[in-house]
Amino acid sequence: ISGSQVVVGKMMGKTLLPLPPEDSYANLEKAAYSKESIHALESAVIIWTGQIKAILNAESETPLLRGENPGPDAELSFWNSKAQNLNMVRRQ
């Protein structure tokens, strides 16, 4: 699973779900009986779950808790960004 894909996504402010190695899912009949393929797919799902939880757990009041005083535009920007991120995950 490509960790660099996750890092690139973070640098762009987006959530990119890393794909497991193609040979772990290219032939599903063989992959169903391959411990390595099953492990690769399970690992991908665990990573995806963590990434999705991070999006869902992001809170708009975080700047306030840090002592910042954001305006209403910051709130709108936060929710717009969160919606874009969730839509990107859905498309993947």
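Here, every reference points to the structure presented above.
Please read all numbers here as calculations on a predicted model, not as lab measurements.

Visitor: Now, about the overall build of the protein chain: what can you tell me, with residues and values included?
Guide: Counting secondary structure elements, the protein chain contains five helices and zero strands. Beginning at the N terminus, the succession of helices and strands in the protein chain can be written as α-α-α-α-α. Against the globule reference of 12 Å for 92 residues, the protein chain gives a C-alpha radius of gyration of 17 Å, more extended than a compact globule. Taken along its principal axes, the extent of the C-alpha atoms in the protein chain is 55 × 20 × 20 Å. In the protein chain, which comprises 92 residues, the proportion classed as buried is 23%. Excluding contacts between residues fewer than 6 apart, the proportion of contacts in the protein chain whose partners are at least 24 apart in sequence is 51%. With 9 positive and 10 negative side-chain charges, the protein chain shows a spacing of 2 Å between the two charge centroids.

Visitor: Describe the pattern of salt bridges, and please don't skip the residues or the numbers.
Guide: For the structure shown, the criterion picks out one salt bridge. Among the salt bridges present, the one from Arg-66 reaches Glu-68, with a minimum N-O distance of 3.2 Å.

Visitor: Mind laying out a nonpolar patch on the surface, listing which residues take part and the relevant values?
Guide: Nonpolar side chains collect at one region of the surface, where Leu-19, Tyr-25 and Leu-28 lie side by side and expose about 300 Å² of accessible area between them. Residue placement: Leu-19 occurs in the loop between α1 (3-11) and α2 (28-31).

Visitor: So what about the side chain of Ser-60? Which residues, and what values?
Guide: Topologically, Ser-60 is positioned in the loop between α3 (35-57) and α4 (62-65). Leaving out residues up to four positions away in the same chain, Ser-60 has contacts with Glu-75, Phe-78 and Trp-79.

Visitor: So what about the side chain of Asn-85? Which residues, and what values?
Guide: Structurally, Asn-85 is set in helix α5 (residues 72-91). Using a relative accessible area of 15% as the deciding quantity, one classes Asn-85 as buried. Separated by 2.9 Å, the side chain of Asn-85 and the backbone nitrogen of Thr-15 make a polar contact.

Visitor: So what about α3? Which residues, and what values?
Guide: The end-to-end C-alpha distance of α3 is 33 Å, a good match for the 33 Å that 23 residues give at a rise of 1.5 Å each. All of the buried residues in α3 are Ser-37, Ala-40, Ala-44, Gln-51 and Ile-55. On the buried face of α3, the contacting elements are α1, α2 and α5.

Visitor: Describe the packing of aromatic side chains, and please don't skip the residues or the numbers.
Guide: What the rule picks out here adds up to one aromatic pair. Judged by centre distance (5.0 Å) and plane angle (85 degrees), the rings of Phe-78 and Trp-79 are edge-to-face.

Visitor: Residues and numbers for the packing of α3 against α5, please.
Guide: Orientation of α3 relative to α5, taken along the N-to-C sense of each, is 160 degrees, at an axis distance of 10 Å. Viewed along their axes, α3 and α5 adopt a mutual orientation that is roughly antiparallel. In the crossing of α3 with α5, the sense of the turn from one axis to the other is left-handed. Each of Ile-52, Ile-55 and Leu-56 in α3 lies in contact with α5, whose residues at this interface are Lys-82, Asn-85, Leu-86 and Val-89. Broken down by class, the residue content of the contact of α3 with α5 amounts to five nonpolar, one polar and one charged.

Reading guide: rules and limits
Residues numbered from 1 in each chain as written. Predicted model: local features only at pLDDT ≥ 70, side-chain atom pairs only at ≥ 80, totals over all residues. Heavy atoms only, no water. Helix = DSSP H or I, 4+ residues; strand = E, 2+ residues; numbered from the N terminus. Rg over C-alpha atoms; globule rule 2.2 N^0.38 Å. Buried < 20%, exposed > 50% of the residue type's maximum accessible area, 1.4 Å probe, protein only. Contact = heavy atoms within 4.5 Å. Lys, Arg positive; Asp, Glu negative; His and termini not counted. Charge placed at Lys NZ, Arg CZ, Asp CG, Glu CD. Salt bridge = Lys/Arg side-chain N within 4 Å of Asp/Glu carboxyl O. Patch = residues over 30% accessible without salt bridge, like charges linked within 9 Å, V, L, I, M, F, W, Y side chains within 5 Å. Areas by Shrake-Rupley, 256 points an atom, 1.4 Å probe, with all protein chains shown as cover. Polar contact = N/O pair within 3.5 Å; in protein donor to acceptor, adjacent residues only side chain to side chain. Expected span 1.5 Å × (residues − 1). Phe/Tyr/Trp six-rings, centres within 6.5 Å; stacked < 30°, edge-to-face > 60°. Axes fitted to C-alpha atoms, helices over the stretch in contact; angles between N-to-C directions. Parallel < 35°, antiparallel > 145°, perpendicular 65-115°, else oblique. Left-handed = near helix turned anticlockwise from the far one by under 90°. Nonpolar A, V, L, I, M, F, W, Y, C, P; charged D, E, K, R; others polar.

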